[in-house]
Amino acid sequence: MNNKIELIVNGILENVSVVRVCIAAFLAKQNITIDELSDIKTAVSEAVTNSIEHGYVETKGNVNVIAKIANVDNMVFLVVEVKDNGIGIQDVGLATTPAYTSKPELEHAGMGFTIMETFMDEVVIDSTIGQGTKITMTKRLRTVKE
Amino acid sequence: MKYKYIDIENKLLIELNEEIDIDTCTTLRSVVDGYILKYNPRECELDMEKVNFMDSSGIGFIAGRYNLAKMLGCDLVIKKPNASIRKLLEMSSISKNIKVV
């Protein structure tokens, strides 16, 4: 069965956990393992953290999260879209380099994108300078039994 | 978060019981650093048994405490992380330096 939720949260750090909890609740009826759920929560947490921490540097704004369960060719997919209207990513190649961080003084590990790419099956980054960034992450949850 | 200092062993035990993300690690960072600086222990143990979520902010948090501890000649030990946290630690380079039990 297909399903969808859309969340609009203020881009403040305490909402990272709010989004995580909502995603977990959205997935509660899906037949997935605790490990899979944990991976998804971590990936979503990274994307939302990036939007707030790096997208909204001088401006404030919302983070828009859409999560969809879609059934395609007898396979169930989760698609999570995390979108901000922040500054955008200057150099996507650099930003996705493992251990690279634009803010080393803040003890960031620089692993956000690496984690998203490892824990989800596909990560698409769509970023425009001055307009914002949209991260679309897809994970195959299971095959539907005939 | 709870803490206990064992004087006779010069050991600081910190029990974390919150989800560790960018929001919570700001407070955790200053509190844990405060205790490390106060007691200057030989060993500092971060007990993560009750932590059910951590993302890359937690990696940064642990790496930062490792650096402080190392500077003060203190060993940092991560105790009982769950499978997901263990996986994150292994993905990062800090697992090479920090003892995980």
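Bear in mind that the values here come from a model prediction, so they are computed numbers and not experimental data.

Engineer: An account of the pattern of salt bridges is needed here, citing residue identities and associated values.
Structural biologist: Counted according to the given criterion, the structure contains 13 salt bridges over all chains. The partner of Arg20(A) in a salt bridge is Glu19(B), with the nearest N and O atoms 2.6 Å apart. One end of the pair, Arg20(A), is in helix α1 (residues 15-26); the other, Glu19(B), is in the loop between β2 (11-15) and α1 (22-39), on a second chain. The partner of Arg65(B) in a salt bridge is Glu107(A), and the shortest N-O contact between them spans 3.0 Å. Here Arg65(B) is found in helix α2 (residues 56-71), whereas its partner Glu107(A) is found in the loop between α3 (92-95) and α4 (112-119) on a different chain. With relative accessibility at 2%, the residue Arg65(B) sits in the buried group.

Engineer: Residue-level account of the packing of α4(A) against helix α3 (residues 83-91) of chain B, with values.
Structural biologist: Two numbers describe how α4(A) lies on α3(B): the axes approach to 12 Å, and their chain directions differ by 120°. Considering the angle they form, α4(A) stands oblique to α3(B). Handedness of the α4(A)/α3(B) crossing: right-handed. From α4(A), Thr114(A), Ile115(A), Thr118(A) and Phe119(A) reach across to α3(B), where they touch Lys87(B), Leu88(B) and Met91(B). Classifying every residue of the contact of α4(A) with α3(B) gives four nonpolar, two polar and one charged.

Engineer: Provide a residue-level description of the interface of chain B and chain A, including the pertinent values.
Structural biologist: Taken residue by residue, the interface counts 20 residues in chain B and 23 residues in chain A. A per-residue breakdown of the area chain B buries against chain A is headed by Ile22(B), Phe53(B) and Met91(B), which together make up 33% of the total. The tally of links between chain B and chain A comes to five salt bridges. There are nine residue pairs in polar contact (both at pLDDT 80 or more) connecting chain B and chain A. Mapped by element, the contributors of at least two residues to the side of chain B that touches chain A are α1, α2 and α3 of chain B. Counting residues per element, the side of chain B that touches chain A draws most heavily on α2(B), which supplies seven residues.

Engineer: So what about a nonpolar patch on the surface? Which residues, and what values?
Structural biologist: All names here are of chain B. A grouping of Leu 37, Met 71 and Leu 72 is seen on the molecular surface, where their side chains present a nonpolar patch of about 310 Å² in accessible area. Here Met 71 is to be found in helix α2. Since its relative accessible area comes to 66%, Met 71 is described here as exposed.

Engineer: Could you give an account of the sheet that holds strand β1 (residues 2-6) of chain B, naming the residues involved and the relevant values?
Structural biologist: Residues and elements named next belong to chain B. One open sheet holds the five strands; their spatial order is β1-β2-β3-β4-β5, and the pairing between them is mixed. Unpaired on one side and paired on the other, β1 and β5 (99-100) mark the two borders of the sheet. The sheet contact formed by strand β4 (residues 75-79) and β5 spans two bridges and is parallel. What sits directly across from Ile 78, in β5, is Val 100.

Cut-offs used in this document
Residues numbered from 1 in each chain as written. Chains lettered and ligands numbered in written order. Predicted model: local features only at pLDDT ≥ 70, side-chain atom pairs only at ≥ 80, totals over all residues. Heavy atoms only, no water. Salt bridge = Lys/Arg side-chain N within 4 Å of Asp/Glu carboxyl O. Helix = DSSP H or I, 4+ residues; strand = E, 2+ residues; numbered from the N terminus. Buried < 20%, exposed > 50% of the residue type's maximum accessible area, 1.4 Å probe, protein only. Axes fitted to C-alpha atoms, helices over the stretch in contact; angles between N-to-C directions. Parallel < 35°, antiparallel > 145°, perpendicular 65-115°, else oblique. Left-handed = near helix turned anticlockwise from the far one by under 90°. Contact = heavy atoms within 4.5 Å. Nonpolar A, V, L, I, M, F, W, Y, C, P; charged D, E, K, R; others polar. Buried area = accessible area lost by both parts, 1.4 Å probe. Polar contact = N/O pair within 3.5 Å; in protein donor to acceptor, adjacent residues only side chain to side chain. Patch = residues over 30% accessible without salt bridge, like charges linked within 9 Å, V, L, I, M, F, W, Y side chains within 5 Å. Areas by Shrake-Rupley, 256 points an atom, 1.4 Å probe, with all protein chains shown as cover. Pairing = 2+ DSSP bridges.

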